[in-house]
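So you can see what is in the structure, the chains are spelled out below.
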Amino acid sequence: MKPSSIARKTIPSARPASAKIAGSNKEAKENEGLPETSGKPRPSSGPLPKSRAGISAAPLRNQIPAGNRPASSANKPSASSVPSRVVRKPAAGAPARRQPGASGGDSSQGTGPPVRSGAPARRGPPRPRGLATVGAAAPLFANPGDQKELHPAIIKAARRSGQLNLSSRDLAEVPAKVWRINEIDNDEAKQLAMSMDGGEERWWDQVPLTKLLLCGNQLKHVSDELGLLTHLQTLDLHDNALAELPASVGELHALTRLVLSHNQLRRLPEELFAVTSLRQLLADHNRLEQLPEQAGDCLDLELLDVSHNCLTSLPAGLGYLHKVSRLAASDNQLETVPDELGSMTSAGHTGGGLRALDLARNRLGAVPASLGQLYQLEVLDLRQNLLTEMPPLTDCHALKELHLGFNQVKEIGVELLESLKSLIILDLSNNKIESLPDDIAVLQRLERLDLKNNDLSVAPLRLCLLPLLKSVQLEGNPLRSVRRDLLTRSTQQLLRHFRERLRGQAEVDGLIIPGLGQRGESADADGGQTPEQARMHEVYKMKSSRLLSHTGQKAAEIPPDLFTMGQEAEVTTVDFSKNLLTSVSDSLLLLSGHLAELNLNSNRLTALPEALGQCCRLTYLNVSGNQLTALPDSLGTLKYLREVCLTLNRFTAVPPVLYGVASLEIILASDNQITEIEVEQLRRLGRLATLDLRNNSIPHVPARLGTVTQLRSLSLEGNLFKQPRPTVLAQGTASVLQYLRDRIPSAERDQ
C-alpha cells in the first residue's frame, strides 16, 4: 500500500471532526480555480515544486506558537498518523500563486500550516518563551502594592547588564533584594539548575552590580547592607530625603562616582573617605555643617562639589587632593579658607591639579596668599563675598576667568595685572573701584570686561588697546567725560570713541603709545618679520604663558638664545622633554630665579649638574625616561621641592639626597632596579603622601613600613616579594599599611 493511501486511512481516526472540517475547507480554498491534475500526491519527504521552494511542512509546523498548540495530548495525532500535504501543480499557463511575504502579494493568500479549531491565531512574529520584557511599562514589584520584593524580570535584567535603575519610583524604602542582588538564594539556584540545559538564565552570563540609580525617590535611610555591593562603581542617591549615610559605604572599594545632591545630610561618614577609588563626589544642596579631616585621603578624587550647604570651614586635608580639577564650595557660610588649599596642584604635567574653584556667595573677607600658587587654575569665582582687595594671584598665569562681582574691592594692583595676562573674562561689577590703571592694556587676551556699578569717574581710554575685547560694561558709573548714549551703544563704537580720544591726548602730550595704530593690526600681519620682531614675539608668548618649551625637537642641545629669552620672560616652567639631550647646559642658571618646574623626561641624561640646587624655587622635577643612577647632592637644599619623578631610570635605591628634602610629597620611582625600602629614612619625610615603587627588584617589604602613616598612596606591584600578596595590595594603601603593622612583633610596636 502506498504511503499516501495509508495516511488517508488514518485521518478519520486521528483527527477530530472540527479539525477535519477546517482542513477540508482550507484545502478547498487553496485549490479553488485550479484545474484538476492526475498527478499522485507527493510524499512528505520529497522536494517541493520550484514555485514553493523554501517552504517545507516541518519548519512551518514548528513555527506554530506554543499557545496555539493543543493542551491535551489525547487529541494530538501521532507522528505516523499525520498525513502528507497534497500539493497540486498548476496547469500550464496558469499564474503561479504568490508565496507568503512575497513582494506585492497578500500574505493571507499564502499557504501555511492549518490552524486547529478552538485556538485563536496569533499574529506577528513568534515570541521566544521565557524572555522577560523589562522597560518603562514593566512591573517593578512581584506583588502590586508590596514594595518589598522586586519583580523577577527586573532582577534578571540587572544581573545581565550589571545596572539597576530604580529612579523616580516613589520608593520609601529600598527592597532588601537590591543589596543582595549579587547573591543567589535557594529558589533561584533551583531555577538555574533547571535551566542549565538551554535555558536563557545562565549563571555564567551574570555580572555583579556596578551601577545603581536610586535618585528621585522618598528614601530617608539606606541599609547597612549597602556594603555588600562590593563591585559597585556608580551610586546615585540624589533627590531623596536622606539624613545620613551608613558607615558601610566605606566598604565599596570599587566606587568611583557618588551622587548625594539634594538630600538632607548633615554629615558625611568618615568611612566614606576610605574609598580610595572615588573619583567624583557630589554632595551639593544638603545641610552639611563640616567635612571630616579624612577628606584628604581620597587621593584620586577629581571632582568635589559641596556647594549649597552650611559649611563654616573646609578641612586642611584638602591640600592632599592633587588630582581634583574642580572644587565647588559656593553658597555656604565660609569665613576663611585654609592655606593648604594652595597645595591642590598637580606638580608638573602629570594631569590633575585644581582648574576651577568656586567660592561664590560666602562670607569671605580675604583669601590666603597661597591661592596664588595654583598655577593651573583657570576659573576662580569669588562673587558675593566681603572682599576689600583683589586676591593675591601672583602665580596664576593660566587663569582665564576671574569673577569678583558684588564685593567691596576699591583698586586693582598693577602687579596683579602682570600675573593675569591669560585672562579672557574679568568680572569686577558692583564694587567700589574708582579708576583703572593704564597697565590694564597688558591683558591682551581679554574678551569680556564687566565694570558695572562702580565708582569710575574717568573713562578708561586704554581699553581700546585690547585687540580681542568684545564686550565692555560701564553702566552705573559716574563717568563725567562720556556721554550716556555711548554707554548704550555697541562695544566697538565705544572703543572707537576711546581710541580717538586717546590718539588726541597722545598728540597733545607728544606721547607714542604702542598699539594705537589701526585696531586689530598685528605685528606679523603682512608675514614679513625682522629677526628682532620675531624674537620679541617669542618673548611675548613666553611672558604670557611663563613657559619655555622646546619639546619633541630631537635636539642634542638647547639653543643658548632660548635661555636668554626665558630669562627676559621670567618663565616659571621649562619643558625640554622628548629630545636627545645627554647633559644639561649651565645656562639653565639664567632661569634659576623664577624656575618652579623642570621637565627633562625622555632624554639620554646620565647625570644632572650640581648647579641645579641653585634653582631655589623648584617645586617639580621630572627626569623620567633617562639613564640616571644618582642625583646631585645639591638637591638637598631645595626647600620647596614637592614632587620628583624618577621613573624608567637605573636607580638601585631611592636617592639618599631626597630624604633630606622635608617638603617632598610625591616620589615616583617605578620601573627602576631598586632593591630595598629604607623605612627609617622614609619616616623623616613627614609630608610624603605618595610613594610609587612599582616594577622594581624589591625582594622583601619590611613590616615597619606600616608605621609610615603619612602615606596616602603606596604602590608596590610588580616586585619580587611574595608578601603582601597581590590580593592585599589590591585593597588599597590603608589595608596594606595595616597588614604590615599587624606583622610587626609586639615587642617592637612601641618603638
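All values reported here derive from a predicted model rather than from experimental measurement.

## Brief notes about the environment of Asn430
Then, number 1: Its place among the elements puts Asn430 in the loop between β11 (425-427) and β12 (448-450).
Then, number 2: In this structure the C-alpha to C-alpha distance between Asn430 and Arg383, which are 47 residues apart in sequence, comes to 9.8 Å.

## What about the confidence of the model for the protein chain?
Then, number 1: Residues with a pLDDT of 70 or more make up 74% of the protein chain, whose mean pLDDT is 79.
Then, number 2: The low-confidence segment residues 518-529, where pLDDT is below 50, has 11 contacts with residues more than four positions distant or belonging to other chains.

## Quick look at a negative patch on the surface
Then, number 1: A contiguous patch of negative charge on the surface is contributed by Glu389, Glu411, Glu434 and Asp455.
Then, number 2: For Asp455, the position within the fold is in the loop between β12 and β13 (471-473).
Then, number 3: Given a relative accessible area of 36%, Asp455 falls into the partly exposed group.

## Some words on the nonpolar core
Then, number 1: Residues Leu212, Leu268, Leu281, Leu357 and Leu402 are the most contacted members of the largest nonpolar core, which totals 107 residues.
Then, number 2: Of all the secondary structure elements, the ones that give two or more residues to this core are α4 (152-161), α5 (176-179), α7 (414-419), α8 (484-487) and α9 (491-509).
Then, number 3: When residues in this core are grouped by element, the largest group, four residues, is from α9.
Then, number 4: With near-sequence residues (within four places) excluded, Leu212 lies in contact with Leu164, Val178, Trp179, Leu229, Leu232, Thr234, Leu235 and Asp236.
Then, number 5: Judged by nonpolar contacts, the second largest core, of 62 residues, contains Met542, Leu588, Phe651 and Val657.

## Points about the packing of aromatic side chains
Each aromatic ring pair is summarised here by two numbers: the centre-to-centre distance and the angle between the ring planes.
Then, number 1: The tally for this structure, following the rule as stated, stands at one aromatic pair.
Then, number 2: On the basis of an interplanar angle of 80° and a centroid distance of 5.7 Å, the ring pair of Phe563 and Phe576 is categorised as edge-to-face. Here Phe576 lies in the loop between β15 (573-575) and β16 (597-599) and Phe563 lies in helix α11 (residues 560-569), a separation of 13 residues in the sequence.
Then, number 3: On the basis of relative accessible area, Phe563 is assigned to the buried category, the value being 2%.
Then, number 4: Under the relative-accessibility criterion, Phe576 is labelled buried at 3%.
Then, number 5: The positively charged end of Arg712 is found above the aromatic ring belonging to Tyr320, 5.0 Å away from the centroid.

## Brief notes about the side chain of Thr491
Then, number 1: Within the secondary structure, Thr491 sits in helix α9.
Then, number 2: In this structure, Thr491 is in contact with Lys470, Ser471 and Val472, ignoring residues within four places of it in sequence.

## Focus on the sheet that holds strand β17 (residues 620-622)
Then, number 1: Taken in spatial order, the eight strands line up as β14-β15-β16-β17-β18-β19-β20-β21 in an open sheet, and their pairing is parallel. The sheet is open, and its two edges are formed by β14 (547-549) and β21 (713-715), each paired on a single side. Direction aside, the axes of adjacent strands within the sheet are offset by 5° on average.
Then, number 2: Pairing of β17 with strand β18 (residues 643-645) involves three bridges; the strand directions are parallel. If you follow Tyr620 over to β18, its bridge partner there is Glu643.

## Details of the pattern of salt bridges
Then, number 1: A full pass over the atoms with the stated rule returns 15 salt bridges.
Then, number 2: A salt bridge links Glu289 to Arg266, with the shortest nitrogen-to-oxygen separation between them at 3.7 Å. One end of the pair, Glu289, is in the loop between β5 (280-282) and β6 (303-305); the other, Arg266, is in the loop between β4 (257-259) and β5, and 23 residues separate them in sequence.
Then, number 3: For Glu289, a relative accessible area of 46% corresponds to the partly exposed category.
Then, number 4: Residue classification places Arg266 among the partly exposed residues on the basis of a relative accessible area of 45%.
Then, number 5: Among the salt bridges present, the one from Lys323 reaches Asp300, with a minimum N-O distance of 2.9 Å. You can see Lys323 sitting in the loop between β6 and β7 (326-328) and its partner Asp300 sitting in the loop between β5 and β6, a full 23 residues away along the chain.
Then, number 6: Residue class for Asp300 comes out partly exposed when judged on its relative accessible area of 22%.
Then, number 7: Among the charged side chains, a salt-bridge network with shared partners connects Arg180, Glu183 and Glu225.

How each quantity is defined
- Residues numbered from 1 in each chain as written.
- Predicted model: local features only at pLDDT ≥ 70, side-chain atom pairs only at ≥ 80, totals over all residues.
- Heavy atoms only, no water.
- Helix = DSSP H or I, 4+ residues; strand = E, 2+ residues; numbered from the N terminus.
- pLDDT = per-residue confidence, 0-100.
- Contact = heavy atoms within 4.5 Å.
- Patch = residues over 30% accessible without salt bridge, like charges linked within 9 Å, V, L, I, M, F, W, Y side chains within 5 Å.
- Areas by Shrake-Rupley, 256 points an atom, 1.4 Å probe, with all protein chains shown as cover.
- Salt bridge = Lys/Arg side-chain N within 4 Å of Asp/Glu carboxyl O.
- Lys, Arg positive; Asp, Glu negative; His and termini not counted.
- Charge placed at Lys NZ, Arg CZ, Asp CG, Glu CD.
- Buried < 20%, exposed > 50% of the residue type's maximum accessible area, 1.4 Å probe, protein only.
- Core = buried A, V, L, I, M, F, W, Y, C linked by side-chain atoms within 4.5 Å.
- Phe/Tyr/Trp six-rings, centres within 6.5 Å; stacked < 30°, edge-to-face > 60°.
- Lys NZ or Arg CZ within 6 Å of the ring centre and 35° of its normal.
- Pairing = 2+ DSSP bridges.
- Axes fitted to C-alpha atoms, helices over the stretch in contact; angles between N-to-C directions.

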